[in-house]
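Listed below, chain by chain, are the residues.
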Amino acid sequence: MEVKIVNKSNHRLPEYATAGSAGMDLKANTTEPFVLKPLERQMVPTGIHIGLPEGYEAQVRPRSGLAAKHGISIVNAPGTVDADYTGEIKVILINLSNEPFVVNPGERIAQLVVAKYERVEWDEVAT
């Protein structure tokens, strides 16, 4: 499936690491490193804009390596990018550890998974 993408970052397009990968890495699009203090959260730009077809969403998920090794996660995991959203994808990182964590430009900060979804129509019934 093809998805329109605008890359305003300083990095290559998100890509799958292996043939079996479900998600693509999103990278921090910053010009300088920054410190994420313990229990601090920050919205990190990726420079990526996507145009999904109707019936699809993109999920922004934590990277397991960052979570396991450094306690770095995403506040609203998974974050949802709706098909009608065309703004920049940003990641709300949080440091759940007791140690400061340095986020470097180009750091892989999250996974992006594109998924199909169904819309429902309610059929309200009596109990």
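For the structure itself, look to the data block above.
Predicted model only: the values in this text are computed from it and were never measured. (Residues numbered from 1 in each chain as written. Predicted model: local features only at pLDDT ≥ 70, side-chain atom pairs only at ≥ 80, totals over all residues. Heavy atoms only, no water.)

## Focus: unusual backbone geometry
Cis geometry marks the peptide bond from A77 to P78; its omega dihedral reads -10°. Residue placement: P78 occurs in the loop between β7 (72-74) and β8 (79-81). If you check the backbone angles, L39 has positive phi at about 65° while not being a glycine. By the element assignment, L39 lies in the loop between β3 (34-36) and β4 (41-45). (Helix = DSSP H or I, 4+ residues; strand = E, 2+ residues; numbered from the N terminus.)

## Focus: the pattern of salt bridges
What the rule picks out here adds up to 3 salt bridges. A salt bridge links D25 to R63; the shortest N-O distance between them is 3.3 Å. With D25 in strand β2 (residues 24-27) and R63 in the loop between β6 (56-61) and α1 (64-70), this pair connects stretches of sequence that are 38 residues apart. Each member of the pair, D25 as well as R63, is classed as buried. D25 is the salt-bridge partner of R108, the closest N and O atoms lying 3.0 Å from each other. Taken together, the residues R108 in strand β11 (residues 108-116) and D25 in strand β2 connect sequence positions 83 residues apart. Residue R108 is classed as partly exposed on the basis of its relative accessible area, which comes to 39%. Among the ionic contacts, a cluster of salt bridges with common partners joins D25, R63 and R108. (Salt bridge = Lys/Arg side-chain N within 4 Å of Asp/Glu carboxyl O. Buried < 20%, exposed > 50% of the residue type's maximum accessible area, 1.4 Å probe, protein only.)

## What to know about the sheet that holds β8
Strand order in the open sheet formed by 4 strands is β2-β11-β6-β8, with antiparallel pairing between adjacent strands. Each edge of the open sheet is held by one strand with a lone partner, namely β2 and β8. Taking the axes of each pair of neighbouring strands and ignoring which way they run, one obtains an average angle of 35° across the sheet. One ladder, built from 4 bridges, connects β2 with β11; its direction is antiparallel. Bridge assignment links M24 to a residue of β11, and that residue is L112. (Pairing = 2+ DSSP bridges. Axes fitted to C-alpha atoms, helices over the stretch in contact; angles between N-to-C directions.)

## A look at the nonpolar core
Residues V60, I89, V91, L93 and I109 are the most contacted members of the largest nonpolar core, which totals 23 residues. Going through the elements one at a time, β3, β5 (48-51), β6, β7, β9 (90-95), β10 (101-103) and β11 are the ones with two or more residues in this core. It is β11 that contributes the most residues to this core, 3 residues altogether. For V60, the contacting residues outside a window of four places in its chain are L26, I74, A77, P78, G79, V81, I89, V91, A110, Q111 and L112. (Core = buried A, V, L, I, M, F, W, Y, C linked by side-chain atoms within 4.5 Å. Contact = heavy atoms within 4.5 Å.)

## Topic: the environment of P38
Inspection of the secondary structure puts P38 in the loop between β3 and β4. Taking relative accessible area as the criterion, P38 reaches 33% and is therefore assigned partly exposed. Residues P38 and P100, spaced 62 residues apart in sequence, show a C-alpha to C-alpha distance of 5.6 Å. Each residue touching P38, except ones within four places of it in the same chain, is listed here: N95, S97, N98, E99 and P100.

## Observations regarding the environment of N7
By secondary structure assignment, the location of N7 is in strand β1 (residues 4-7). Along the chain, N7 and P53 lie 46 residues apart, while their C-alpha atoms are 18 Å from each other. Residue contacts for N7: discarding those within four places in its chain leaves R12, L13, G47 and I48. In terms of polar contacts, N7 uses its side chain to reach the side chain of S9, at 2.6 Å. (Polar contact = N/O pair within 3.5 Å; in protein donor to acceptor, adjacent residues only side chain to side chain.)

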